[in-house]
Amino acid sequence: MGHLDHAAFGWLTPVLSYVMACTGAALGLRCTVRALDSFGAARRNWLLTGASAIGTGIWTVHFIAMLGFTVVGTDVRYDVPPTLLSLAVAVLVVGTGVFAVGHGHGRPAETLPADGAARTGTAARAAAPSPRDHRMSLAVGGLTTGLGVASMHYLGMAALRLHGVVHYDPLLVALSIGIAVVAATAALWAALNIRTPAAVAAASLVMGAAVSSMHYTGMAAVTVEVSPSAEPLTGATAMQFIFPLAVGLGAYLFITSAFVALSPPVGDRAARHGHSGPDAVPQPPPRGATDPWPGEHHPPGRRPQPQP
């Protein structure tokens, strides 16, 4: 068996991969918070941004860590198409999970009828998703995302090209998949329940540790039976392909983080545009002094007129 080194550059690649995991998690959480405060196209766009941030962050964790992966007795190359496919899988499965919980988690403003009057009683309860629906969407989203993240990891490992045969410890593989599912479910739960910037920062640190743990648990399952050969390996080296791609995705994460940080909250935009912007939340009409019949709901166009 060939000796495996998972940190050929010392602590540089583990620490850098952890930083990217935290960055992607924090950005994804902030985008999901914005999505839950929006509706329609605005919600969809925030969810897409959050899914791409988390997906690229997870993928970047894997391949930045792989920059430090070496096997004594053989060179290591990466087949480009499966590597790119693993990136697409990461973004798509995270997007599936984020949309499952993002669209399954209703917000009160979306239960307003067309005339802007608040629903009450049975109508409001029927319009709002039940706690059971929330739990179901979270479980489905967490399972789907976790299995997808694990698939991304092992699809990326399948892109390895070396002189030898790669073997896996089934117990550690199962453990890494379990960590991925738990981490994904926790991430989606955090996206639904965490609002303040300090809480988002703390959750992103925990999520970054979970994603890194999943990667290194999966790598601990690997053994390589080296078969020395003089034949050239196909594929690209890590520095030829993985490093530039990881740098590009890292730049995307930081630029998107700046955009999200500088983008005003939904409430500020709505106030500035008189509640008419794309993110504006419809509000019920004022009651009391401006309504001769406070507390009553009248269909649009049929409100009785006050008598002189």
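Relevant structure appears above.
The rules behind these values
- Residues numbered from 1 in each chain as written.
- Predicted model: local features only at pLDDT ≥ 70, side-chain atom pairs only at ≥ 80, totals over all residues.
- Heavy atoms only, no water.
- Helix = DSSP H or I, 4+ residues; strand = E, 2+ residues; numbered from the N terminus.
- Contact = heavy atoms within 4.5 Å.
- Areas by Shrake-Rupley, 256 points an atom, 1.4 Å probe, with all protein chains shown as cover.
- Expected span 1.5 Å × (residues − 1).
- Buried < 20%, exposed > 50% of the residue type's maximum accessible area, 1.4 Å probe, protein only.
- Polar contact = N/O pair within 3.5 Å; in protein donor to acceptor, adjacent residues only side chain to side chain.
- Core = buried A, V, L, I, M, F, W, Y, C linked by side-chain atoms within 4.5 Å.
- Axes fitted to C-alpha atoms, helices over the stretch in contact; angles between N-to-C directions.
- Left-handed = near helix turned anticlockwise from the far one by under 90°.
- Nonpolar A, V, L, I, M, F, W, Y, C, P; charged D, E, K, R; others polar.
- Phe/Tyr/Trp six-rings, centres within 6.5 Å; stacked < 30°, edge-to-face > 60°.
- Parallel < 35°, antiparallel > 145°, perpendicular 65-115°, else oblique.
- Patch = residues over 30% accessible without salt bridge, like charges linked within 9 Å, V, L, I, M, F, W, Y side chains within 5 Å.
- Salt bridge = Lys/Arg side-chain N within 4 Å of Asp/Glu carboxyl O.

A separate point is the overall build of the protein chain. Summing up its helical and strand segments, the protein chain has nine helices and six strands in all. Long-range contacts, defined as pairs at least 24 residues apart, comprise 87% of the intrachain contacts of the protein chain with a sequence gap of at least 6. With the model as given, the accessible surface of the protein chain reaches about 15,100 Å², and the carbon-plus-sulfur share is 68%.

Here the focus is helix 1 (residues 12–36). Between its first and last C-alpha, helix 1 extends 36 Å over 25 residues, near the 36 Å set by a 1.5 Å rise per residue. By the criterion of burial, helix 1 is predominantly enclosed, with 18 of the 25 residues buried.

Turning our attention to the side chain of Thr-83. Topologically, Thr-83 is positioned in helix 3 (residues 80–104). Overall, the relative accessible area of 0% leaves Thr-83 in the buried class. Polar side-chain contacts of Thr-83 include one of 2.8 Å to the backbone oxygen of Asp-79. Dropping the residues within four chain positions of it, Thr-83 is found in contact with Trp-59, Phe-63, Tyr-78, Ala-159, Phe-241 and Ile-242.

All right, on to the nonpolar core then. Across soluble globular proteins, nonpolar side chains show a tendency to be buried alongside one another. Formed by 52 residues in total, the largest nonpolar core has its most connected members in Met-66, Tyr-78 and Val-94. If you tally residues by element for this core, the top one is helix 2 (residues 40–66), at 11 residues. Excluding residues that lie within four positions of it along the chain, Tyr-78 makes contacts with Phe-63, Met-66, Thr-83, Ala-159, Leu-160, Gly-235, Ala-236, Thr-237, Ala-238 and Ile-242. Of all hydrophobic cores here, the second largest spans nine residues; its members include Ala-187, Val-200, Ala-203 and Met-207.

This part is about the side chain of His-215. As for its placement among the helices and strands, His-215 is situated in helix 7 (residues 197–220). Beyond its immediate chain neighbours, meaning those up to four positions away, His-215 contacts His-62, Ala-65, Met-66 and His-153.

It is the contact of helix 1 with helix 8 (residues 238–262), at a shortest axis distance of 10 Å, that shows an interaxial angle of 35°. Helix 8 is crossed by helix 1, and the crossing has left-handed handedness. Across from Met-20, Thr-23, Gly-24, Leu-27, Arg-30, Cys-31 and Arg-34 in helix 1, the residues of helix 8 making contact are Gly-250, Leu-253, Phe-254, Thr-256, Ser-257 and Val-260. Grouping the amino acids of the contact of helix 1 with helix 8 by side-chain chemistry returns six nonpolar, five polar and two charged.

When you line up the elements, Ser-52 lands in helix 2. Accessibility expressed as a relative area gives 14% for Ser-52, which makes it buried. Taking the C-alpha atoms as reference points, Ser-52 and Val-91, separated by 39 residues in sequence, lie 5.5 Å from one another. When residues no more than four places from it in sequence are discounted, the contact partners of Ser-52 are Val-91 and Tyr-252. Within polar-contact distance, the side chain of Ser-52 engages the side chain of Tyr-252 at 2.5 Å.

For the rest of this paragraph, the subject is the packing of aromatic side chains. Summed over all chains, the structure comprises three aromatic pairs. Between the aromatic rings of Phe-63 and Tyr-78, the centroid separation amounts to 6.3 Å while the plane-to-plane angle is 70°, which identifies the pairing as edge-to-face. Note that Phe-63 is positioned in helix 2 and Tyr-78 in strand 3 (residues 76–78), a separation of 15 residues in sequence. By relative accessible area, Tyr-78 is classed as buried at 2%.

This part is about the packing of helix 1 against helix 7. At their nearest, the axes of helix 1 and helix 7 sit 7 Å apart, and the two run at 135° to each other. Here helix 1 is positioned oblique relative to helix 7, judged by the angle of their axes. Taken as a pair, helix 1 and helix 7 cross one another with a handedness that is right-handed. Contact with helix 1, carried on its side by Thr-13, Pro-14, Ser-17, Tyr-18, Ala-21, Cys-22, Ala-25, Ala-26, Leu-29 and Arg-30, involves Pro-197, Val-200, Ala-203, Ser-204, Leu-205, Met-207, Gly-208, Ala-209, Val-211, Ser-212 and Tyr-216 of helix 7 and no other residues of that element.

Time to look at the environment of Ser-38. Its location among the elements puts Ser-38 in the loop between helix 1 and helix 2. Judged by relative accessible area, which is 0%, Ser-38 ranks as buried. Of note is the side chain of Ser-38, whose polar atom sits 2.8 Å from the backbone oxygen of Arg-34.

Here we come to helix 8. In a regular helix each residue adds 1.5 Å, so 25 residues correspond to 36 Å; helix 8 covers 34 Å between its end C-alpha atoms and thus fits that length. Residues of helix 8 that are buried include every one of Ala-238, Phe-241, Ile-242, Ala-246, Leu-249, Gly-250, Leu-253, Thr-256 and Val-260, and no others.

A cluster of nonpolar side chains, Phe-9, Trp-11, Leu-12, Val-15, Leu-16, Val-19, Met-239, Phe-243 and Val-247, forms an exposed patch at the surface whose accessible area comes to about 920 Å². Counting residues per element, the ones that place at least two in the nonpolar patch are helix 1 and helix 8. When residues of the nonpolar patch are assigned to their parent elements, the largest contribution, four residues, is made by helix 1. Among the secondary structure elements, Met-239 is positioned in helix 8. A relative accessible area of 47% places Met-239 in the partly exposed class.

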